[in-house]
Protein chains: 2
Amino acid sequence: MFRKLMKLEEAKKVIDENFKPAQLGDEDVALLEAYNRVLKEDIVSQMDVPSFDRSTVDGYAVKAEDTFNADENQPMTLIVSGMTFAGEQPRMVLSKGEAVEIVTGAPLPEGADAVVMVEDTERMDDQLQVYTAVTPKMNVMQRGSDIKSGETVLHAGQVLGASEIGALAALGLTKTRCFKPPMVAVLSIGSEVIEPGKLLPAGKIFDINAYSLSTAVIECGAKPIFFGVVPDDKASLSKTLTAALASADVVITSGGVSVGSRDYTPQIVDSLGKPGVVVYGVAVKPGKPTTVAFAQDKPLFSLPGNPAAALLMFYLLVRPVIQRLCCRAPSDMRSIKAFAGVKLFSAKGRRTFVVVRLVLDVEKCRLIAEPVAGASGAITSLTGADGFVEVMENQQYINKDEEVSVKLFRSV
Amino acid sequence: MFRKLMKLEEAKKVIDENFKPAQLGDEDVALLEAYNRVLKEDIVSQMDVPSFDRSTVDGYAVKAEDTFNADENQPMTLIVSGMTFAGEQPRMVLSKGEAVEIVTGAPLPEGADAVVMVEDTERMDDQLQVYTAVTPKMNVMQRGSDIKSGETVLHAGQVLGASEIGALAALGLTKTRCFKPPMVAVLSIGSEVIEPGKLLPAGKIFDINAYSLSTAVIECGAKPIFFGVVPDDKASLSKTLTAALASADVVITSGGVSVGSRDYTPQIVDSLGKPGVVVYGVAVKPGKPTTVAFAQDKPLFSLPGNPAAALLMFYLLVRPVIQRLCCRAPSDMRSIKAFAGVKLFSAKGRRTFVVVRLVLDVEKCRLIAEPVAGASGAITSLTGADGFVEVMENQQYINKDEEVSVKLFRSV
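Residues numbered from 1 in each chain as written. Chains lettered and ligands numbered in written order. Predicted model: local features only at pLDDT ≥ 70, side-chain atom pairs only at ≥ 80, totals over all residues. Heavy atoms only, no water.

Chemist: Hey, could you go over the relation of the copies chain A and chain B for me, with residue numbers and the actual values?
Modeler: When chain A is fitted onto chain B, the two copies agree to an RMSD of 0.0 Å after a turn of 180 degrees and an axial shift of 0.0 Å. Viewed as a symmetry operation, the transformation between the two copies matches a two-fold axis. (Least-squares fit on C-alpha atoms with pLDDT ≥ 70 in both.)

Chemist: A description of the packing of helix α1 (residues 8-18) of chain B against helix α6 (residues 307-325) of chain B should follow, citing residues and the corresponding values.
Modeler: Residue and element names in this part refer to chain B. As a packed pair, α1 and α6 sit with axes 11 Å apart at the nearest point and diverge in direction by 25 degrees. Here α6 runs roughly parallel to α1, going by the angle between their axes. For the element pair α1 and α6, the recorded crossing hand is right-handed. Along the contact surface, α1 presents Leu 8, Lys 12, Ile 15 and Asp 16, while α6 presents Leu 316, Leu 317, Val 321 and Arg 324. (Axes fitted to C-alpha atoms, helices over the stretch in contact; angles between N-to-C directions. Helix = DSSP H or I, 4+ residues; strand = E, 2+ residues; numbered from the N terminus. Parallel < 35°, antiparallel > 145°, perpendicular 65-115°, else oblique. Left-handed = near helix turned anticlockwise from the far one by under 90°. Contact = heavy atoms within 4.5 Å.)

Chemist: Could you give an account of unusual backbone geometry, with specific residues and numbers?
Modeler: It is generally the case that most residues other than glycine have a negative phi and that most peptide bonds are trans. A cis amide bond links Val 49 of chain A to the next residue, Pro 50 of chain A, at an omega of -10 degrees. Following the sequence through the fold, Pro 50 of chain A ends up in the loop between β2 (43-44) and β3 (54-55). In this structure, Pro 275 of chain B follows Lys 274 of chain B across a cis peptide bond, with omega equal to 0 degrees. As for its placement among the helices and strands, Pro 275 of chain B is situated in strand β18 (residues 275-280). The phi angle at Asp 125 of chain A is positive, at roughly 55 degrees, despite the residue not being glycine. Position of Asp 125 of chain A among the secondary structure elements: in the loop between β8 (121-124) and β9 (127-130). One non-glycine residue with positive phi stands out, namely Cys 365 of chain B, at about 50 degrees. Locating Cys 365 of chain B in the fold gives a position in the loop between β24 (351-361) and β25 (366-371).

Chemist: Kindly report on the pattern of salt bridges, identifying the contributing residues and their values.
Modeler: Residue and element names in this part refer to chain A. Counted under the stated rule, the structure contains 40 salt bridges over all chains. Salt-bridge contacts for Arg 351 lead to Glu 393; the nearest nitrogen and oxygen are separated by 3.0 Å. Taken together, the residues span a long stretch of sequence, with Arg 351 in strand β24 (residues 351-361) and Glu 393 in the loop between β26 (387-391) and β27 (397-398) at a distance of 42 residues. The closest approach of N and O atoms between Lys 407 and Glu 390, which form a salt bridge, is 3.4 Å. Taken together, the residues Lys 407 in strand β28 (residues 403-408) and Glu 390 in strand β26 connect sequence positions 17 residues apart. In this structure, Lys 407 and Glu 390 share a single accessibility class: buried. Taken together, the shared-partner salt bridges connect Glu 9, Arg 351, Glu 390, Glu 393 and Lys 407 into one network. (Salt bridge = Lys/Arg side-chain N within 4 Å of Asp/Glu carboxyl O. Buried < 20%, exposed > 50% of the residue type's maximum accessible area, 1.4 Å probe, protein only.)

This is the structure we're talking about:
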């Protein structure tokens, strides 16, 4: 295999062209557990909501025309002929010249078409003085005004939040059909990497990437299958990758992609199925040795071992694929305008991502993008960071104080 | 009790003054389950990460000074005296004039202080031609350069995302101490309200608010205790509210706060403890009948029954309280600039919230805030909405095409 660096956009295009998202399974989810899940099918209402004309105030149900001549100085007098209660269908029929006491949420009695607010009336026994005119439908929430029978209330692919789940409850539903979240296998490669929780032998480091990437998978609304650290020999790696591919919709490895003699990952990944490796290195910094393959129509991302690079490449290349698989609109990273705090340099010929922290310049009332301190690739370089600035391939540097767009790691 | 409307800011201030956030309990959480949890204590590293000088490239470990005179035309010749492997502590000591083969991630042998990339060398048996000069520390990730022993890596109160969980793994941790999420009791009041999943009798509506508000609670990182619909009589309500207060850190009711004869909620809430009701009506539209009380140092929010109003008041008044309780930075709602699509009117003397959808005006390349169609208070008026525009108390209207700030319900 020949390592030919692709530009970032080219890599994205090749991934898009090769990616045929599998149809995810689906399952019934109880409403109270459906937050952030993706709806499998359109929800068409079988009923009107509300299913009757409701009062939106406390007051008196009337025939609007009986009040047309009322005003503050010349009240109209109506006869109170009864009372309705919330939750009970009134049995009376309102006649001309009559009013029925009503509370918020109660159904209007037959014959009534409006409600006068209690504040606009004065009552003495069954005599009601009405000090204001109301028009038909006033202070009434009409049958079907929230949802009409036959109306499509929610659409397949919608992500369920508070108001969507409220709308499902309004229809009397207690559960709803959602896509199963995609399964994403996450594994770390490298003889120098060991599982946290063990004693650290000389020359080894604790695994970071399986944890940070699994968390990033959860953040996308998918489910990680945590494989942890895989021994860096051809047989183990091949066996684990085959198992990962069989059990997951997407496979993410990190480490084992440099040109070192022990790095078999790209070769093994390429052998798992057609078309095999489609992206073999990306002209970015950090993240250059990223490899992308497809086998059995599933994408396999081999990210660098460098924790900051692995997470950046996840956000840039992997997240959009998981979002497509979830049937979520693949949202670009949110960005925010800021000003470069120092001169930001690019790596020769490569798109360069400078990880930054946003600092408020109180005097000038603007945001400054300050590159975070710390060794390149250090996981701690990301913990204090808000996002990154891109320096383009053909750009030597971004000047101090130049306006930049900061792509944010997460929405605050 | 006298219903005296407060301005929104006054209501917020009164809530802040009365709110003494209880210390939440804490628990150990496995790293892979810690996404979006809040750290209980500072994390101070007991170790250097990495714990040895590592090569960041494949190549040859050298003494930098041995290469100072090397360039493309005049390579320096070194003797390859051995090989190191990732994950193994090398036993050799590098002497002047020697080089040791090294892979990415492997520890530098004693005596070496830099690494020459394999691309910048040519090897014949044990003879190595070095075509470039390297400076000390070049291509080396130094011991402790990610995390130094004694360094505070994360702070109490930080919300754990991918990079924070990666940093915890880097320290060899498998679990971490987090605050328990606050418990929020959610209940709906109203004789006209019944649980979804049942048959709908005439005059009744399905409960919406317990579902939408419980979901909004989950969205804040807290845990809802779902009480569903509570019968609208004084005894049941008093008993349930007492139980809710005992089991939760915050209580949210909706409905039962209009002036109707059956609405006992404010009285009962006031009787549960001192200081009782502190906000009795807010000068906003929708949301006016909102009541806030404190008892046993816990806040009780009585929101309107109108689903859109209940959810809006949740975002405006309840969410900041839950965030403070979670020890999360109480983030104001994110807002975005747009232009009014039509004239937006205010209710006389009340802060008015106009629920809007954002539409892209492609021609002028700007966002338009369009009021959503639908009955006032309809839950479906929120399902298609992006946020709301505030029309201030002293403002009669916002003109079409005027610039507005749209407060977003959620980050997209």
